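Residues per chain, in single letters:
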Amino acid sequence: AEESCYKVPRQSVVSQTTTPALWVIVDDGSTDATPDILAEYAAKYDYIKIVKRADRGVRKVGPGVIEAFYEGLATVNLDDFEFICKFDLDLEMPPRYFEVLIERMRAEPRLGTCSGKPYYPDPVTGDLISEMCGDEMSVGMTKFYRTSCFKEIGGFVREVMWDGIDCHTCRMKGWLAMSWDEPEIRFLHLRAMGSSHKSIYTGRQRHGFGQYFMGTSFIYMLASALFRMTRPPLISGGAAMLWGYITSALSNKERYDNPEFVTFLRQYQWACLLKGKRRATAELNANIV
């Protein structure tokens, strides 16, 4: 019954009870029928603006998404808007999604970023599977922000794990970052998070590199990988994450150069390991004023 409230991605935004004041859609070098579809919708809805980019010839996952986001953002005056959302087009949203998030933002002035929870359909059975995103994060495919918070944290880092760094930076700077698993704001992700244009294992290895880049300690990464081994794809997905982290460390790859952030992150992660993530996050949030 819950699935019946979802619409195809381009319809699920224009059918929202609270539609965007401005929706900038970045065509990142599409070679299919996407430009024609976008032109059709832009002609029909005056709040839709299309920004076209040249085809790079290769998909650039992670930082490429943020590069496209910033190309669209360059056409916007942030001071004109109370809220901003980075939004992927492979999503199907329930109709009150944005209305609910705005209500919660206005009810809690410390709330800087928030989201609902993503689910994806099992390719064999069609059953919906939770992507098991933590309550302490807004999810990367639909980052809904209070504009003042977005500006204070300096926006998004242009590297893999940008969607973790931003939420930790929010807490470091005194903002709340949250997501809720509730029917009214659950949404469908048509491509499982952490999958890739090559394979889901490539995506999981990329996540391992992202954790290394962000500054996550090996102990916390090991615990995270063991947990992910209990989620599809069983065992191998978590193992690929751990392998991505280890190979990045052995290769001495570049890491996020922000000592204050890394110190904050590791203190929080140790608290999560010792107390559990829910309790550690609640205690940290209680101290945010």
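Conventions used here
- Residues numbered from 1 in each chain as written.
- Predicted model: local features only at pLDDT ≥ 70, side-chain atom pairs only at ≥ 80, totals over all residues.
- Heavy atoms only, no water.
- pLDDT = per-residue confidence, 0-100.
- Contact = heavy atoms within 4.5 Å.
- Core = buried A, V, L, I, M, F, W, Y, C linked by side-chain atoms within 4.5 Å.
- Buried < 20%, exposed > 50% of the residue type's maximum accessible area, 1.4 Å probe, protein only.
- Helix = DSSP H or I, 4+ residues; strand = E, 2+ residues; numbered from the N terminus.
- Pairing = 2+ DSSP bridges.
- Axes fitted to C-alpha atoms, helices over the stretch in contact; angles between N-to-C directions.
- Parallel < 35°, antiparallel > 145°, perpendicular 65-115°, else oblique.
- Left-handed = near helix turned anticlockwise from the far one by under 90°.
- Nonpolar A, V, L, I, M, F, W, Y, C, P; charged D, E, K, R; others polar.
- Phe/Tyr/Trp six-rings, centres within 6.5 Å; stacked < 30°, edge-to-face > 60°.
- Lys NZ or Arg CZ within 6 Å of the ring centre and 35° of its normal.
- Polar contact = N/O pair within 3.5 Å; in protein donor to acceptor, adjacent residues only side chain to side chain.

1. Regarding the confidence of the model for the chain
Of the residues in the chain, 91% have a pLDDT of 70 or more, and the chain-wide mean is 90. Counted against residues more than four places away or in other chains, residues 1–8, with its pLDDT under 50, gives 16 contacts.

2. Examining the nonpolar core
Counting 30 residues, the largest nonpolar core has Ile48 and Phe144 as its most contacted members. At six residues, helix H4 (residues 97–107) tops the list of elements feeding residues into this core. Residue contacts for Ile48: discarding those within four places in its chain leaves Val14, Trp23, Ile25, Tyr41 and Ala42. Counting 19 residues, the second-largest nonpolar core is a separate cluster that includes Val157, Met161, Met221 and Tyr245.

3. Comments concerning the sheet that holds strand S6 (residues 118–121)
Reading across the sheet, the four strands line up as S4-S10-S6-S7 and stay open at both edges, with mixed pairing between neighbours. Two strands in the sheet have a free side with no partner beyond their single neighbour: strand S4 (91–92) and strand S7 (128–130). For S4 and strand S10 (residues 187–189), the ladder comprises two bridges, and the chain directions are antiparallel. Across the sheet, Glu92 pairs through a bridge with Leu188, a residue of S10.

4. Side note on the environment of Cys167
Mapping Cys167 onto the fold places it in helix H6 (residues 162–172). Residues contacting Cys167, with those up to four places away along its chain left out, are Thr113, Glu136, Met137, Ser138, Lys143, Tyr145 and Ala177.

5. What to know about the sheet that holds strand S5 (residues 111–115)
Reading across from one edge, S3-S8-S5-S9 is the order of the four strands in this open sheet, with mixed pairing throughout. Since the sheet does not close on itself, it has two edges, and those belong to strand S3 (83–87) and strand S9 (176–179), each with one partner. Neighbour-to-neighbour, the strand axes of this sheet turn through a mean angle of 15°, independent of strand direction. Pairing of S5 with S9, which is carried by four bridges, proceeds in the parallel orientation. Note on S9: the bridge partner recorded for Ser115 is Ser179. Relative to the sheet, H4 contacts S3, S5 and strand S8 (142–146), its axis offset from that of S5 by approximately 155°.

6. Quick notes on the packing of helix H7 (residues 200–214) against helix H9 (residues 236–250)
Two numbers describe how H7 lies on H9: the axes approach to 7 Å, and their chain directions differ by 45°. As summarised for this structure, H7 and H9 are arranged oblique, according to the angle between their axes. Seen along the crossing, H7 lies across H9 with a hand that is right-handed. Residues Tyr201, Arg204, Gln205, His207, Gly208, Phe209, Gln211 and Tyr212 of H7 form the contact with H9, whose participating residues are Ser236, Gly237, Ala240, Met241, Trp243, Gly244, Tyr245, Ser248 and Ala249. Looking at side-chain class alone, the contact of H7 with H9 contains eight nonpolar, eight polar and one charged residues.

7. A closer look at the packing of aromatic side chains
What the rule picks out here adds up to 19 aromatic pairs. Judged by centre distance (5.3 Å) and plane angle (80°), the ring pair of Phe69 and Tyr70 falls under edge-to-face. Summarising the burial analysis for this pair, Phe69 and Tyr70 share the class buried. Taken together, Phe69, Tyr70, Tyr145, Phe150, Phe156 and Trp162 form an aromatic cluster joined through their ring pairs. Between Arg171 and the ring centre of Tyr268, over which it is positioned, the NZ or CZ distance is 5.2 Å. We note Lys253 situated over the ring of Phe209; from NZ or CZ to the ring centre the distance is 5.2 Å.

8. Section: the environment of Glu82
Summarising the element assignment, Glu82 is placed in the loop between helix H3 (63–73) and S3. Judged by relative accessible area, which is 41%, Glu82 ranks as partly exposed. Separated by 129 residues in the primary sequence, Glu82 and Gln211 place their C-alpha atoms 31 Å from one another. A polar side-chain atom of Glu82 sits 2.7 Å from a polar atom in the side chain of Arg106.

9. Some words on the pairing of S3
For S3, a buried count of four out of five residues is recorded, marking the element as mostly surrounded by other parts of the structure. Of the strand pairs in this sheet, S3 and S8 are connected by five bridges, and their pairing is antiparallel. Opposite Ile84, over in S8, you have Tyr145 as the bridge partner.

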